[in-house]
Amino acid sequence: MIREYNGEVLVLLGALTTILLLFSFFAIKSRLRRQFIVSSLLLVTGYILFLVGMTIVRGWDALGWLALGLILYVLGMILHVGTVIYQKLKSRHEGQS
């Protein structure tokens, strides 16, 4: 099955998996676990939709699954990073008061 895919697809899948693992590890180790639930859910959902589009669905329909998966994945990453930045700014602001 691995022979069907190009090298670019495997590199992209490896990058998505690595980012997902790093963000999940950070969310688990963080003391703000409850605030990362939505972003983690978006990351995992986007990753699963991307995998479904790549492995199960064929043809032009797969492009929609891939696009939707990447959109949700990137949205989860942006939300995750935004939450971290917000918490850093909030703690810095509380420290100055």
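Structure: above.
Calculation rules
- Residues numbered from 1 in each chain as written.
- Predicted model: local features only at pLDDT ≥ 70, side-chain atom pairs only at ≥ 80, totals over all residues.
- Heavy atoms only, no water.
- Helix = DSSP H or I, 4+ residues; strand = E, 2+ residues; numbered from the N terminus.
- Rg over C-alpha atoms; globule rule 2.2 N^0.38 Å.
- Contact = heavy atoms within 4.5 Å.
- Areas by Shrake-Rupley, 256 points an atom, 1.4 Å probe, with all protein chains shown as cover.
- Axes fitted to C-alpha atoms, helices over the stretch in contact; angles between N-to-C directions.
- Parallel < 35°, antiparallel > 145°, perpendicular 65-115°, else oblique.
- Left-handed = near helix turned anticlockwise from the far one by under 90°.
- Nonpolar A, V, L, I, M, F, W, Y, C, P; charged D, E, K, R; others polar.
- Core = buried A, V, L, I, M, F, W, Y, C linked by side-chain atoms within 4.5 Å.
- Buried < 20%, exposed > 50% of the residue type's maximum accessible area, 1.4 Å probe, protein only.
- 1 Å grid on protein atoms, 1.4 Å probe; cavity = no way out; pocket = protein on both sides within 12 Å on 5 of 7 lines; lining within 4 Å.
- Points joined across faces, edges and corners; volume = space filled by probe spheres on them.
- Expected span 1.5 Å × (residues − 1).

**A few points about the overall build of the protein**
Here is step 1: Counting its secondary structure elements, the protein contains three helices and zero strands.
Here is step 2: Order of helices (α) and strands (β) in the protein, N terminus to C terminus: α-α-α.
Here is step 3: Computed over the C-alpha atoms, the radius of gyration of the protein is 16 Å, more than 25% above the 13 Å expected from 2.2 N^0.38 for a compact globule of 97 residues.
Here is step 4: Considering only contacts in the protein between residues 6 or more positions apart, those separated by 24 or more positions represent 68%.
Here is step 5: In the form shown here, the protein has an accessible surface area of approximately 7100 Å², with 70% of it arising from carbon and sulfur atoms.

**Quick look at the packing of helix α1 (residues 7–29) against helix α2 (residues 37–55)**
Here is step 1: α2 packs onto α1 with a crossing angle of 160° between their chain directions and a minimal axis gap of 11 Å. Put simply, α1 runs roughly antiparallel to α2. As α1 runs across α2, the sense of the crossing is left-handed. On α2, the residues that touch V9, L12, L13, L16, T17, L20, F23 and A27 of α1 are S40, L43, V44, Y47, F50, L51 and M54.
Here is step 2: In terms of residue class, the contact of α1 with α2 is made up of 13 nonpolar, two polar and no charged.

**Overview of the nonpolar core**
Here is step 1: With eight residues, the main nonpolar core is built from L16, L20, F23, L43, Y47, F50, M54 and Y73.
Here is step 2: Contributions of two or more residues to this core are made by α1 and α2.
Here is step 3: Here this core takes four residues from α2, the largest share from any one element.
Here is step 4: Residue contacts for L20: discarding those within four places in its chain leaves L43, V44, Y47 and Y73.

**Some points on the layout of surface pockets**
Here is step 1: Counted as a void, the largest pocket has a volume near 240 Å³.
Here is step 2: Along the walls of the largest pocket sit F26, S30, R31, L32, F36, V84, Q87, K88, K90, S91 and E94, which together make up its complete lining.
Here is step 3: Among the elements that line the lining of the largest pocket, the one with the most residues is helix α3 (residues 60–96), at six residues.
Here is step 4: By residue class, the composition of the lining of the largest pocket is four nonpolar, three polar and four charged.

**Some remarks on the side chain of T83**
Here is step 1: Locating T83 in the fold gives a position in helix α3.
Here is step 2: In this structure T83 comes out as buried when scored by relative accessible area, which is 13%.

**Some thoughts on α3**
Here is step 1: For α3, spanning 37 residues, the distance from its first C-alpha to its last is 54 Å, which sits close to the expected 54 Å at 1.5 Å a residue.
Here is step 2: All of the buried residues in α3 are A62, G69, L72, Y73, G76, H80, T83 and Q87.
Here is step 3: In this fold, the buried residues of α3 make contact with α1 and α2.

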